[in-house]
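# Observations on the model geometry
Here is what each chain is made of, one letter per residue.
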Amino acid sequence: MLRYCGPFLFLFSIPLFYYALGPTAPLFSVALLLLALTGAEFVAARGDGSEAGMGGNFRLLIWLYIPLQLFAIIWGVMVSGEASAAGFAALAISLGVTTGVFGVLAAHEALHSGDQAKAFLGVGLLTAMSYRHIRIAHIHGHHRWAGTEKDAATARLGESFYAFLLRTLQGQFREAWRVERRRGGRRLLLDAGVMLVLFAAIGFFIGPRALAFFLGQSAVAILVLELFNYVAHYGLARTRGADGKLEALGDHHCWNSSNVLANHLIFNMSRHSHHHRRPAASFETLKARPAPELPFGYAASILLALAPPLWRLVMDEKALTWRA
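What comes next concerns the included structure. No experiment lies behind these values; they were computed from the predicted model shown. (Residues numbered from 1 in each chain as written. Predicted model: local features only at pLDDT ≥ 70, side-chain atom pairs only at ≥ 80, totals over all residues. Heavy atoms only, no water.)

### As for the overall build of the protein
The secondary structure content of the protein amounts to 13 helices and zero strands. For the protein, the N- to C-terminal ordering of α and β elements is α-α-α-α-α-α-α-α-α-α-α-α-α. At 19 Å, the protein has a C-alpha radius of gyration in line with the 20 Å of a compact globule built from 324 residues. For the protein, the spread of C-alpha atoms along the principal axes amounts to about 60 × 50 × 45 Å. The buried share of the protein, taken over its 324 residues, is 55%. Accessible surface computed for the protein: about 14300 Å², of which carbon and sulfur atoms make up 68%. Both charge centroids of the protein, one from 29 positive and one from 20 negative side chains, sit 6 Å from each other. (Helix = DSSP H or I, 4+ residues; strand = E, 2+ residues; numbered from the N terminus. Rg over C-alpha atoms; globule rule 2.2 N^0.38 Å. Buried < 20%, exposed > 50% of the residue type's maximum accessible area, 1.4 Å probe, protein only. Areas by Shrake-Rupley, 256 points an atom, 1.4 Å probe, with all protein chains shown as cover. Lys, Arg positive; Asp, Glu negative; His and termini not counted. Charge placed at Lys NZ, Arg CZ, Asp CG, Glu CD.)

And the structure:
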């Protein structure tokens, strides 16, 4: 299980750097994370990487990580009032990145676990990034419609990340509302109430600067999550047969990375095709599938997506090949 402990080290490094090196030093955590994830693609082997049958409760790591991420966000909110403008930004970015990478993946695992108590932990993490409704859109929308125009979380061929971001932010909320409408929108109304109370409590009891920090780190976390969503299915579309029947979601509708070390750093989520085949499977059991491979892995691909011309130059031809 120790091979999956990288997220804990990066999270602990944020307060460590903050107190040992200065308020802007948490940015080193982000730089080290990017170096580790991108460097792994060049030095580590690709392979199956599954730990199925090795024993041990791997999901224990998830149940440990989520509270630690929540405590880190609370700590950031508390110290943000004293931080300089540069320190404020550095903390918001570093905590937002760890939430958007590790926290979201841990929450995602908890929500798919089928356990009510553990799912509650996952919702708590989504609350800490002001994105509670995404659990509804993801489970009931994305897992059903990925690879189609009905799925707001699937990036279309030729669509830039920035256009995708504007579309997916409103589209996933609409998808959650569509699902919830049959119940009168109760969960979404609860979500809105919880977030309003939380925002008011932070602003009133800790201060407006703390509320701005909370919203800032939430925005960074959401941005990182949607970059992952953009990369995960870009340009890979399901087709309809002559009878009008929609093609089943297959391995070839997800971008993957079979790099063993990089996957250990992100709870195996680059084995995205296998996750879609078995959404409830524990992360350590996910295996490499005969599926589209990102040329640079997820971290470098996310950075590349920030430059749409370069992204399209690298990815459009690959996507068209798999569509064919």
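### Quick notes on the side chain of D151
Relative to the helices and strands, D151 is located in the loop between α6 (134-145) and α7 (161-180). In this structure, D151 is buried with no salt-bridge partner, the nearest side chain bearing the opposite charge being R167 at 7.4 Å. In this structure the side chain of D151 is engaged in a polar contact, spanning 2.8 Å, whose partner is the side chain of H142. Residues contacting D151, with those up to four places away along its chain left out, are G141, H142, W145, A146 and R167. (Salt bridge = Lys/Arg side-chain N within 4 Å of Asp/Glu carboxyl O. Polar contact = N/O pair within 3.5 Å; in protein donor to acceptor, adjacent residues only side chain to side chain. Contact = heavy atoms within 4.5 Å.)

### What to know about the environment of T24
Here T24 shows up in the loop between α1 (6-21) and α2 (27-43). A residue is classified by how much of its surface remains accessible, and T24, at 41% relative accessible area, is partly exposed.

### Structural notes on helix α13 (residues 308-323)
In α13, a bend of some 35 degrees at M315 exceeds every other bend along the element. If you check which residues of α13 are buried, you get P308, W311, M315, D316 and A319. Structurally, α13 contributes buried residues whose contacts are with α7, α9 (208-233) and α12 (297-305). (Bend = angle between axes of the 7 residues up to and from the residue.)

### Notes on the layout of surface pockets
In this structure, the largest pocket encloses a volume near 720 Å³. G100, V101, V224, L225 and F228 are the residues nearest the centre of the largest pocket, which is lined by 44 residues in total. Mapped onto the lining of the largest pocket, the elements with two or more residues apiece are α2, α4 (85-112), α6, α9 and α12. If you tally residues by element for the lining of the largest pocket, the top one is α4, at 10 residues. Of the residues belonging to the lining of the largest pocket, the class tally is 30 nonpolar, 12 polar and two charged. In this structure, the second largest pocket occupies an estimated 290 Å³ of space. Forming the walls of the second largest pocket are 13 residues, and the residues nearest its centre are L111, A119, V123, R135 and R187. (1 Å grid on protein atoms, 1.4 Å probe; cavity = no way out; pocket = protein on both sides within 12 Å on 5 of 7 lines; lining within 4 Å. Points joined across faces, edges and corners; volume = space filled by probe spheres on them. Nonpolar A, V, L, I, M, F, W, Y, C, P; charged D, E, K, R; others polar.)

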